[in-house]
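Here are the chains, one letter per residue:
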Amino acid sequence: MIVPEKIARLMELAEAQAEPKLREIDQRVDRNQWKVIEAFQKYKVSDYHFAGSTGYGYNDRGREVLDLVYAQVFGAEAGLVRPHFASGTHTIGTALFGVLRPGDLLLYITGKPYDTLHKVIGKPGDGLGSLQDWGVRYGELALAEDGMPDWDALKDKLLSDPPKVVGIQRSRGYDWRPSYSVGQIDEMVRFVKALSPQTIVFVDNCYGEFTEEKEPTEVGVDLMAGSLIKNPGGGLAPTGGYIVGRRELVELAAYRHTAPGIGGEVGAMLGTTRNIFQGLFLAPHLVGQALKGSVFAAALFEQLGFETSPRWNDERTDLIQAIRFTGAEHLIAFVQGIQKAAAVDSHVVPEPWDMPGYEHPVIMAAGTFIQGGSLELSADAPIRSPYIAYMQGGLTYAHVKWGVIKALSNMIDKELL
Ligand SMILES: *Cc1c(COP(=O)(O)O)cnc(C)c1O
């Protein structure tokens with residue numbers, strides 16, 4: 001385990017530089033940890049809640065309390081937290097299908113949504129049962145120069161053809177744009193509500209949870225969804241997703257998730273309850289570890305002259321750290337290096353492939369305990385210009401540092417640095 005002298009020196013410098021930011025993250029972790037514990041205490045979470053259920057899962061008190069605890073943590077009226085959500089996309093799709101009806105308009109105001117949602121939105125007559133296939137109308141507003149929504153275009157739309165749902169994606173996803181802070185989302189909500197109070201504001205909160213002290217549902221967002229194999233699952237939830245928001249909207253999502261009239265009152269937890277609870281308990285800390293790793297990586301790659309987004313000292317509102325490289329070889333060497341640092345599957349070498357739901361070949365490093373779990377150290381890069389690697393996660397700060405060491409060593413071995 002020899003760290004080349006040059007890399008060791010770079011690391012020391014990067015960490016010294018990042019020190020004030022790392023301390024700030026610790027303070028944020030404290031607040032979020034206390035908030036989560038208070039929510040557990042409010043609903044008297046107890047050992048028997050972890051027992052789980054089978055069959056229909058009627059009267060599963062652990063599941064009911066889990067919904068209540070999530071709602072409390074996110075400052076929402078209601079929650080639906082289930083292992084039956086197969087992915088973030090499934091969860092987001094369920095929320096949208098739950099509240100949209102044929103003829104309604106869904107308007108994304110933060111540019112193109114995340115790749116996997118393109119097929120959920122679909123096209124009229126695509127025959128896939130996508131939103132547009134069902135007759136939901138869709139529009140999206142390109143971002144303004146400053147990366148914020150195009151306020152003028154939004155105003156026109158809100159007044160001329162008020163959307164049933166306005167969609168906001170908090171995280172940058174695979175885009176070289178900043179992610180939206182909860183403060184900025186607050187601004188968007190107020191703008192929408194002032195002109196069209198009936199419009200439902202929906203937030204795709206993937207990767208955002210616990211990166212700030214507030215969540216979007218605490219600033220007036222009506223409905224929000226995220227994945228349990230990202231931030232709020234705390235590395236322990238084996239699968240699943242959550243929806244939180246206004247009670248009647250969460251109920252509509254629950255009807256879509258199971259069946260109308262049944263909603264959230266059934267659904268056997270199949271032994272996942274304890275891990276979902278414990279993961280939520282750990283999530284603020286683990287998100288902090290991952291954030292520290294991102295700050296460290298940004299500081300280090302900036303020293304090497306690469307462009308990063310966010311920069312090491314920028315405010316952060318999600319886990320994603322983008323690093324812009326100069327070509328596909330850098331990208332591939334970086335991602336393969338991250339894989340080499342994993343505790344699981346470090347012996348496999350990731351290659352670009354046509355992943356379902358994505359429109360370009362993607363290379364992914366994911367040496368994870370939970371398959372595809374991206375609160376764990378992972379890196380993705382669509383192989384397309386501009387050559388940007390997106391890294392995220394890390395259950396321990398030390399693991400992220402090890403990942404960066406391996407990525408750098410791999411690049412040096414390939415004579416790319
Ligand atoms: C991960 C992600 C999704 C989709 O989640 P999957 O689990 O990959 O289906 C949607 N939106 C954003 C912003 C994401 O980061």
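Our subject in this report is the structure included herewith. Keep in mind that this is a model prediction, so the values were computed, not measured. (Residues numbered from 1 in each chain as written. Predicted model: local features only at pLDDT ≥ 70, side-chain atom pairs only at ≥ 80, totals over all residues. Heavy atoms only, no water.)

**Topic: the sheet that holds strand β8 (residues 307-309)**
The antiparallel open sheet is built from 5 strands, whose spatial order is β8-β9-β12-β11-β10. Each having just a single partner strand, β8 and β10 (362-366) make up the two edges of the open sheet. When the angles between neighbouring strand axes are averaged without regard to direction, this sheet yields 20°. Lying over the sheet, helix α9 (residues 328-340) contacts β9 (321-324), β10, β11 (378-382) and β12 (388-392), oriented at roughly 20° with respect to β10. (Pairing = 2+ DSSP bridges. Helix = DSSP H or I, 4+ residues; strand = E, 2+ residues; numbered from the N terminus. Axes fitted to C-alpha atoms, helices over the stretch in contact; angles between N-to-C directions. Contact = heavy atoms within 4.5 Å.)

**Let's talk about the environment of Arg31**
In this structure, Arg31 sits in helix α1 (residues 5-42). A relative accessible area of 48% means that Arg31 is categorised as partly exposed. (Buried < 20%, exposed > 50% of the residue type's maximum accessible area, 1.4 Å probe, protein only.)

**Concerning the environment of Lys157**
Mapped onto the secondary structure, Lys157 falls in helix α5 (residues 151-160). For the pair Lys157 and Gln169, spaced 12 residues apart in sequence, the C-alpha to C-alpha distance is 18 Å. Those residues within four positions of Lys157 in sequence are excluded, and the remaining contacts are Leu105, Leu107, Pro162 and Pro163.

**Side note on the pairing of strand β1 (residues 78-82)**
Among the 5 residues that make up β1, 5 are buried, leaving the element largely enclosed by the rest of the structure. Side chains of β1 alternate between two faces, with Ala78, Leu80 and Arg82 and Gly79 and Val81 buried alike. Pairing geometry for β1 and strand β7 (residues 241-245), over 5 bridges, is antiparallel. From the neighbouring strand, Leu80 faces β7, where its bridge partner is Ile243.

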